[in-house]
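Here is what each chain is made of, one letter per residue.
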Amino acid sequence: MSSAHKKPASRPRWYLIPFRVLLVTFLITLLSFAISLLLGIVGMIIGSRARGLHPNLTAAYREIAVPTAVVVGGVVLISAIILEVRHYRQTRALLEIERIS
C-alpha cells in the first residue's frame, strides 16, 4: 500500500485517559479481590481442618482479601496512570512527526 492511501491517524484524546485508568483499575482490583478471597477461604479451611477447629471464614474476607485488593488496586492505579500518560505523549509526538514530514 502506498503512502498516499494511508489513513491518517486520529488525534489522541486526553479526556479518555482517566476513564481507561479507572476502568482498568476497577477490573483488576475486583479480580484480585475475588482470587484472594478464594485462596483465603481455601487456606482457612485447610488450616482449620489441620487444627481440628471450626473455620472462621470472615477472617478470609477481612484479613486477606480486602488488604490484598487495596494494595493491588493502588499499584494498578499508579501503573495505569504512568502507562496511559506515556502512551498519550508518544502518540501525540508521533502524530506531530507525521504531520511535519
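As shown above, the structure is provided for reference.
Below, the structure is looked at part by part. Position numbers for residues start from 1 in each chain and track the written sequence from start to end. This being a predicted model, a pLDDT of at least 70 is required before a residue's local features are given, and a value of 80 or more before pairs of side-chain atoms are given or counted; all residues contribute to the totals for chains, interfaces and linings. Values reported for side chains reflect all heavy atoms of the structure, with hydrogen atoms and water molecules removed beforehand.

Another aspect to go through is the pattern of salt bridges. We define a salt bridge as a contact between a side-chain nitrogen of Lys or Arg and a carboxyl oxygen of Asp or Glu at a distance within 4 Å. Counted according to the given criterion, the structure contains two salt bridges. In this structure, R20 engages E84 in a salt bridge whose closest nitrogen and oxygen atoms are separated by 2.8 Å. Residue R20 is found in helix α1 (residues 17-51), and its partner E84 is found in helix α2 (residues 58-100); the two are separated by 64 residues along the sequence. Linking R99 and E96 is a salt bridge whose minimum nitrogen-to-oxygen distance equals 2.4 Å. Runs of H or I in DSSP of at least four residues are treated as helices and runs of E of at least two as strands, each being numbered from the N terminus.

Turning next to the packing of aromatic side chains. Classification of ring pairs rests on two measures: the distance between centres of Phe, Tyr or Trp rings, Trp counted by its six-membered ring, which must be within 6.5 Å, and the angle between planes, read as stacked under 30 degrees, edge-to-face over 60 and tilted in between. Within the structure shown, the criterion is met by two aromatic pairs. Look at W14 and Y15: their rings are 6.0 Å apart centre to centre, the planes differ by 85 degrees, and that puts the pair in the edge-to-face class. Given a relative accessible area of 59%, W14 falls into the exposed group. Ring centres of F33 and Y61 lie 5.8 Å apart, and the angle between their planes is 90 degrees; this geometry places the pair in the edge-to-face category. Highlighted residues: F33 in helix α1 and Y61 in helix α2, separated in sequence by 28 residues. Buried residues are those whose accessible area, probed at 1.4 Å on protein chains only, stays under 20% of the maximum for their type, while exposed residues exceed 50% and partly exposed ones sit between those limits. Look at F33 and you get partly exposed, because its relative accessible area is 22%.

For α1, built from 35 residues, the straight-helix expectation of 51 Å at 1.5 Å per residue is met to within 8% by its first-to-last C-alpha distance of 50 Å. Buried within α1 are the following residues: I17, V21, T25, T29, S32, S36, G40 and S48. Contacts were defined at the residue level, with two residues in contact if any of their heavy atoms lie within 4.5 Å. Contact partners of the buried residues in α1: α2. One or two residues past the end of α1 sits G52, with phi positive at roughly 75 degrees. Each helix should span, by expectation, one fewer than its residue count multiplied by 1.5 Å.

Turning to the environment of S32, a few remarks are in order. Mapped onto the elements of the fold, S32 is located in helix α1. Judged by its relative accessible area of 13%, S32 falls in the buried class. Sequence spacing of S32 and V66 is 34 residues, and the spatial spacing of their C-alpha atoms is 9.4 Å.

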